[in-house]
Amino acid sequence: MTTRTLSLTIPAPLRNGLSGALGAAMLAIALAVAPIAPAHARAAPESFADLAEKVSPSVVNITTSTVVAAPVDGPQFPEGSPFDELFRDFGFPNMPQNRQQGPRRSNALGSGFVISEDGYIVTNNHVIENADEIQVEFFSGETMDAKLIGTDPKTDIALLKVESPKPLPFVSFGDSDAMRVGDWVMAVGNPLGQGFSVSAGIVSARNRELSGTYDDYIQTDAAINRGNSGGPLFNMDGQVIGVNTAILSPNGGSIGIGFSMAANVVNKVVGQLREFGETRRGWLGVKIQDVTADMAEAMGLAAAEGALVSEVPEGPAQEAGILAGDIITSFDGGEVKSTRDLVRRVADAPVGQAVRVTVLRGGKSETLLVTLGRRELAEGEAVPAAVTKPQEAEKSLLGMTVTPLTAELTTEMGLPSGTTGLVIKEIAEDSAAFEKGLRTGDLIVEAGQQPVAEISELEERIEEAKDAGRKSVLLLIRRAGEPRFMALPIE
């Protein structure tokens, strides 16, 4: 991954690593770190010069060197053949006299900043990923070799360390939650490899999500370009309130839509990297989804809030008594309004800590004590086998043709022994069921928060929902092995 000046090409790792998150738009990336202090909104100063002078000594340019295999481009011919001579004459790059033999070195450029006087530096993981050598250049022009302390690919953070005979100037984190849309901010970094550069703008939006589980981006119109990756976004007090992480752009250059990872997220990750050299996030052990308006109506809820538990595999939540169908409304004393709230609260909680989790079950609130596991150790567990289309006895209901799951079909689908439910064999594309997201091959395992193994049981749940005056019935389905709740209209 390289970031070069002007018309020179941008490395493939940066392009490819960011291409799916925003479709055809290109993401250019970065991050940052240090202790937390309160941030306060301020009016725009007559000049940003004093602020730039204050923080610049703590910002660094980062250069990495990586050994990569030599490219093999164009057609290959035996040496001495007529075609070999022809392509040599036209200077084809992979001909013997032009071809690079063996591996070569590739350089990449990025930004970072010092968070402690003893030399800890924060940057993006993608800036230093796979690097053999890392060198940082300070505002004074002094350069130092850096060693890697730890990385967190989930937030694209890397923590470096340099050894300096004297204390280094450093910057502190501000409270990113205190920033408001319209507040002034200033970005510092190494755009397009041009060296130290400052740009200013405002907070355009907050709480943006791109593609990560822990995303919490500040959107800004302060100019951010390739090479700004890892550089800090400052408030008017000179505190880091974000790490310049990505841009939305059709051409790879700044068009005024930049994203900085919120400092409150980064600070927690850096603290763990500094202490352990790795992240140690809490793990509750549930699969969850947001509560939609349809689901809230089907369950008789007053509001579409909380995190709906779709499955409870073996783990801390199961041991504590949390059940599929529970709606988590509070975690460790903090309100949970969505799955995003819960994921972040659990990740921030210490591993091994016992926390109180409040759930809504059958219309009543219950509080359970859960001892959290560690997410990093729990990840990578096998995913249940995918459901395939069955060919068995059937019945049409609400635009769907369903069939019971027999022992033979269970084996054929590769499902665990003892699995029960109804498989959707066909579904009308003009039906409300299709519109709500149900598809052929889905396995219905619950209806109205009760197990269904026979078609008659599904019919009973539908009638019960009608008798209760509801417009839909809540289904728990499995698709490709993954559980999910859906509200099926019954009118």
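Residues numbered from 1 in each chain as written. Predicted model: local features only at pLDDT ≥ 70, side-chain atom pairs only at ≥ 80, totals over all residues. Heavy atoms only, no water.

With that out of the way, let us pick up the overall build of the chain. Scanning the chain from terminus to terminus reveals twelve helices and 30 strands. Looking at the chain as a whole, 48% of its 491 residues qualify as buried. Partitioning the contacts of the chain with sequence separation of at least 6, the portion at a separation of at least 24 is 64%. Element-wise, carbon and sulfur atoms account for 49% of the exposed surface of the chain, whose accessible area totals about 22,700 Å². (Helix = DSSP H or I, 4+ residues; strand = E, 2+ residues; numbered from the N terminus. Buried < 20%, exposed > 50% of the residue type's maximum accessible area, 1.4 Å probe, protein only. Contact = heavy atoms within 4.5 Å. Areas by Shrake-Rupley, 256 points an atom, 1.4 Å probe, with all protein chains shown as cover.)

For the rest of this paragraph, the subject is the nonpolar core. Grouped together as the largest cluster of nonpolar side chains are 30 residues, with contacts concentrated most on Phe113, Met186 and Phe234. Among the elements of the structure, helix 2 (49-55), strand 4 (120-124), strand 8 (157-161), strand 10 (184-189), strand 14 (240-247), strand 15 (258-262) and helix 5 (263-276) are those that each provide at least two residues to this core. With six residues, the single largest contributor to this core is helix 5. Excluding anything up to four places from it in sequence, Phe234 contacts Val55, Val59, Val171, Trp184, Val185, Met186, Val188, Gln239, Val240 and Ile241. Residues Ile427, Ile477, Leu488 and Ile490 belong to the second largest nonpolar core, which totals 21 residues. (Core = buried A, V, L, I, M, F, W, Y, C linked by side-chain atoms within 4.5 Å.)

Once that is clear, we can look at the confidence of the model for the chain. Predicted confidence across the chain gives a mean pLDDT of 79, with 79% of residues reaching 70 or more. Within the chain, helix 1 (residues 12-18) has the poorest average pLDDT of any element, 35, and strand 13 (residues 232-234) the best, 95. Scored below 50 in pLDDT, residues 95-100 shows 15 contacts in the model against residues more than four places distant or in partner chains. (pLDDT = per-residue confidence, 0-100.)

A few words on unusual backbone geometry. Although it is not a glycine, Asn130 sits at a positive phi angle of roughly 65°. Checked against the element boundaries, Asn130 lands in the loop between helix 4 (125-128) and strand 5 (133-137). In the Ramachandran plot, Asn207 falls in the positive-phi region, its phi being about 60° despite a non-glycine side chain. For Asn207, a relative accessible area of 36% gives the class partly exposed.

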